[in-house]
Amino acid sequence: MQKQTDQVKINLSGRRLPLRVKPALTDPAPLAEACPITRRVILISPMPGQVHELVKALTDSCFDVLVFHRWEPDLHERLDFDLLVYDLSVAGTIDAFAGISSRLNREAEYTTPCLYLVGEKMIGNASGPMLQEELLVWPARPQEALYRVQRMIGNSPAVPKRGFLPKEGQRIGFKDLWLDRERMSVQRDEDRVHLTKTEYDLLLKLIDAKGAVISREEMLSDIWETDFTGGSNVVDVHIKSLRKKLGDNAASPKYIVTVRGVGYRLAD
């Protein structure tokens, strides 16, 4: 049979018609430029899945987003950020809002603006000091939330991307990864790697171990503060997510090696 290289023939109504195949594009699309500046946002949500679209909208618009399940008292001291987004849309109540806003306002030198995500029922009962705060009914269109975030920090100084590079003595490295303990940030070369607090803690623990094997039980005890191990794969799930964000491959690891039946260690 004669080999056809540039045509494919199909049978239509008893006739054989040539169907010309378009050549593949040889020039790849140009890569988008890296963000020349970034803004830093901390998002507190007990259910991060409810704000996934907001996180995506922010990261796509050159915001660096660090997500926590709950507020940690020393976040203001350990991290520099431009905006705090506090999600009260699902579990929030008027009393919870009052307690949170009061606690934030009591913290020393608290000047970072805060955007509260609230439910329709909660905002319908809002009054007094609550109405003086920045409130956004959630769920909403991600672009609406993005506009609000941009407006709230629009007049604050821009932070060059190189500002995420830790000073000498404040950072630890492994291969092409750099961790800044004070800012709880991770970079690969000059690119920010967006990790949850749990993922960051896992990576930091592995790096601090300097190649020693860390058991799943030890990780559960130190990071989740629990000794329960029966039938739990929580460590494996978070390691899998961490690997994905680092671009690592469990079969041929660059960063994290699985020690079967025991736990994990850094790759050689």
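Residues numbered from 1 in each chain as written. Predicted model: local features only at pLDDT ≥ 70, side-chain atom pairs only at ≥ 80, totals over all residues. Heavy atoms only, no water.

With an unreviewed UniProt entry as reference, the protein chain is termed Two-component system alkaline phosphatase synthesis response regulator PhoP, source organism Paenibacillus amylolyticus. Annotation of the protein chain in UniProt includes, under Subcellular location (unreviewed entry), the sentence "Cytoplasm". (UniProt positions renumbered as here; feature names shortened; annotations may be inferred.)

**Student:** A description of the packing of aromatic side chains should follow, citing residues and the corresponding values.
**Tutor:** As enumerated under the stated definition, the model contains two aromatic pairs in all. With 6.4 Å between their ring centres and 25 degrees between their planes, tyrosine 86 and tyrosine 116 make a pair best called stacked. Taken as a pair, tyrosine 86 in strand 5 (residues 83–88) and tyrosine 116 in strand 6 (residues 114–118) lie far apart in primary sequence, 30 residues in all. For the pair tyrosine 86 and tyrosine 116, a shared accessibility class is recorded, and that class is buried. (Phe/Tyr/Trp six-rings, centres within 6.5 Å; stacked < 30°, edge-to-face > 60°. Helix = DSSP H or I, 4+ residues; strand = E, 2+ residues; numbered from the N terminus. Buried < 20%, exposed > 50% of the residue type's maximum accessible area, 1.4 Å probe, protein only.)

**Student:** Give me helix 1 (residues 52–60): which residues, what numbers.
**Tutor:** Each full turn of the α-helix corresponds to 3.6 residues, which orients residues three or four apart in the same direction. Within the sequence span of helix 1, burial applies to Leu54, Val55, Ala57 and Leu58. The buried residues of helix 1 occupy an angular sector of 165 degrees when projected down its axis, which confines them to one face. Set apart from the buried face of helix 1 by more than 90 degrees, the exposed residues are His52, Glu53 and Asp60. Just beyond helix 1, the residue with positive phi is cysteine 62, at close to 70 degrees. (Arc of directions from axis to C-beta.)

**Student:** Could you give me a rundown of unusual backbone geometry, with the residues and numbers involved?
**Tutor:** The omega angle of the peptide bond from tryptophan 138 to proline 139 is 10 degrees, so this bond is cis rather than trans. Along the chain, proline 139 falls in the loop between strand 7 (134–137) and helix 5 (142–153). One non-glycine residue, lysine 210, adopts positive backbone phi at about 55 degrees. With respect to the helices and strands, the residue lysine 210 is situated in the loop between helix 6 (197–208) and strand 13 (214–215). Looking at lysine 210, the relative accessible area reads 74%, which means it is exposed.

**Student:** Could you give an account of the sheet that holds strand 9 (residues 171–174), with specific residues and numbers?
**Tutor:** Read from one edge to the other, the open sheet built from four strands follows the order 9-10-11-12, with strand pairing classed as antiparallel. With partners counted over all chains shown, the strands left at the sheet margins are strand 9 and strand 12 (191–193), one partner each. Put simply, the sheet's adjacent strands are angled 30 degrees from each other on average, direction ignored. Bridge count between strand 11 (residues 185–188) and strand 12: three bridges; the pairing is antiparallel. When the sheet's bridge partners are listed, valine 186 is paired in strand 12 with valine 193. The strands that helix 6 touches are strand 9, strand 10 (177–180) and strand 11; relative to strand 10, the one it contacts most, it runs at about 110 degrees. (Pairing = 2+ DSSP bridges. Axes fitted to C-alpha atoms, helices over the stretch in contact; angles between N-to-C directions. Contact = heavy atoms within 4.5 Å.)

**Student:** Can you break down the nonpolar core residue by residue, with the values?
**Tutor:** One finds Tyr86, Tyr116 and Leu203 to be the most contacted residues of the largest nonpolar core, which totals 44 residues. Counting residues per element, this core draws most heavily on helix 6, at six residues. Beyond its immediate stretch of four places on either side in the chain, leucine 203 contacts Leu177, Leu179, Val186, Leu195, Leu242 and Leu246. Counting residues in each nonpolar core, the second largest holds 21 residues, with Leu115, Leu117, Leu136 and Ala145 among its members. (Core = buried A, V, L, I, M, F, W, Y, C linked by side-chain atoms within 4.5 Å.)

**Student:** Residues and numbers for the packing of helix 6 against helix 7 (residues 216–223), please.
**Tutor:** Helix-helix packing is characterised by the crossing angle of the two axes and by the distance between the axes. Two elements in contact, helix 6 and helix 7, have axes whose closest approach is 11 Å; the angle formed by their N-to-C orientations is 125 degrees. The pairing of helix 6 with helix 7 is recorded here as oblique in orientation. The chirality of how helix 6 crosses helix 7 is right-handed. Within the contact between the two elements, helix 6 uses Thr198, Asp201, Leu202, Lys205 and Leu206 and helix 7 uses Glu218, Met219, Asp222 and Ile223. Among the residues forming the contact of helix 6 with helix 7, the class breakdown is four nonpolar, one polar and four charged. (Parallel < 35°, antiparallel > 145°, perpendicular 65-115°, else oblique. Left-handed = near helix turned anticlockwise from the far one by under 90°. Nonpolar A, V, L, I, M, F, W, Y, C, P; charged D, E, K, R; others polar.)

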